[in-house]
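# Structure assessment
The residues making up each chain are set out below.
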Amino acid sequence: DYYKTIDRMYMTPETRSFKIAVLDTSAALKNAAVTDDEVKAFYEENKETYALPEKRSLEQAILGNEADAQKVIEASRKGQSLEDAVKTVTGSPKAYSGKNDFAKEDLTAEMATPVFSAAKGDLAGPVKSPLGYHVFKVADIAPEHIPPLAVLEKDIKQQLGEEKAGNQIYEITAGIEDRLAAGEDFESLKKEYKLEIYSVQDA
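Residues numbered from 1 in each chain as written. Predicted model: local features only at pLDDT ≥ 70, side-chain atom pairs only at ≥ 80, totals over all residues. Heavy atoms only, no water.

### Brief notes about the overall build of the protein
For clarity, the threshold we go by: Note on conventions: DSSP H or I runs of at least 4 residues are helices, E runs of at least 2 residues are strands, and numbering of each starts at the N terminus. Taken over C-alpha atoms, the radius of gyration is set against a globule rule of 2.2 Å times the number of residues to the power 0.38. Burial here depends on accessible area, computed with a 1.4 Å probe over protein chains only, as a share of the maximum for the residue type. Under 20% is buried, over 50% is exposed, and the range in between is partly exposed. For this analysis, residues touch if any pair of their heavy atoms sits within 4.5 Å. For accessible areas, the Shrake-Rupley method is used with a probe of radius 1.4 Å. Any residue's cover is judged against the shown protein chains and nothing else. Just so you know, the count uses Lys and Arg for positive and Asp and Glu for negative, and it drops His and the chain ends. Where a charge lies is defined by one atom per residue type, namely NZ (Lys), CZ (Arg), CG (Asp) and CD (Glu).
Within the protein one finds eight helices and six strands. Reading the helices (α) and strands (β) of the protein from amino to carboxyl end gives α-β-α-α-β-α-α-β-α-β-β-α-α-β. In terms of overall size, the protein is more extended than a compact globule, its C-alpha atoms giving a radius of gyration of 33 Å where 203 residues would be expected to give roughly 17 Å. With respect to the principal axes defined by its C-alpha atoms, the protein has extents near 90 × 70 × 25 Å. For the protein, the proportion of its 203 residues judged to be buried stands at 29%. For the protein, contacts bridging at least 24 residues in sequence account for 69% of all contacts bridging at least 6. Entry remark: accessible area of the protein is about 13800 Å², with carbon and sulfur atoms responsible for 51%. Between the mean site of the 26 positive side-chain charges and the mean site of the 37 negative ones, the protein shows a separation of 6 Å.

Structure below.
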């Protein structure tokens, strides 16, 4: 009676003995070569997906108050660089944050609207943010464009090669599964598929 109350303490866990078959996929990978014509055809069919948005190279200054921001704009319009205008107004270059490239989605709507409405060389702002008052100068504009095939060729070839190899491996493994389901075992398939068979006991 006592044993019945504690029998779970002596329970032996379930174990299973099984075989693992490891498929050498090197042959499939070797057969996954992608031709230049395949790369070109894929590029032509999908080039729109590679389109890069318009970007603007912006110089930026962030001032502590709107009055200084307006003075920086005025000094810059009179011929000073944005950095020199910041030094003239504030006595220090610290408020000048240099030049960086931005797509429209990289900026808040309040900043993007004036910046992407301006022409190359124009000033935009001031725009208020939690950081202060932003003044922008459009240094350069890179229009929306699709990179040429030469730029994308390597990545496309790799992508197509991986897809082709994946499809071939799927077909091989599906064939193995079908034959196992039909009653064959790993040993009968070992030579044909170059399988490495491992037995695991009582795991």
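### Re the packing of helix α7 (residues 149–181) against helix α8 (residues 186–193)
Cut-off, in case you're wondering: Where helices are involved, their axes are fitted lines through C-alpha atoms of the stretch in contact, as for all axes, and angles between N-to-C directions lie from 0 to 180°. Here the word oblique covers every angle except those under 35 degrees (roughly parallel), over 145 (roughly antiparallel) and from 65 to 115 (roughly perpendicular). Less than a right angle of anticlockwise turn of the near helix away from the far helix marks a crossing as left-handed, whereas a clockwise turn marks it as right-handed.
In the contact formed by α7 and α8, the axes pass within 11 Å of each other and the chain directions differ by 155 degrees. Considering their axes alone, α7 and α8 lie roughly antiparallel with respect to each other. Considering the relative orientation of α7 and α8, their crossing is right-handed. Along its contact with α7, which presents Ile172, Gly175, Ile176, Arg179 and Leu180, the element α8 presents Phe186, Leu189, Glu192 and Tyr193.

### Description of the sheet that holds strand β3 (residues 96–103)
The criterion, for reference: Criterion used throughout: strands pair if DSSP finds at least two bridges between them.
Ordered in space as β3-β2-β5-β4, the four strands form an open sheet in which the pairing is antiparallel. Among the strands making up the open sheet, the edge pair consists of β3 and β4 (123–129). With direction set aside, neighbouring strand axes in the sheet form an average angle of 30 degrees. Taken together, the six bridges between strand β2 (residues 55–63) and β3 define a ladder with antiparallel strand orientation. Within the sheet, the bridge partner assigned to Lys55 lies in β3 and is Ala103.

### Remarks on the side chain of His134
What counts, and what does not: Pairing of N or O atoms within 3.5 Å defines a polar contact, subject to two protein rules: one partner must be a possible hydrogen donor and the other a possible acceptor, and residues neighboring in sequence count only if both atoms are side-chain atoms.
You can see His134 is positioned in strand β5 (residues 132–142). At a separation of 2.6 Å, a polar atom in the side chain of His134 contacts the side chain of Ser129. In this structure, His134 is in contact with Gln60, Ala61, Ile62, Met111, Ala124, Gly125, Pro126, Val127 and Ser129, ignoring residues within four places of it in sequence.

Worth remembering: the numbers are spatial, not functional.
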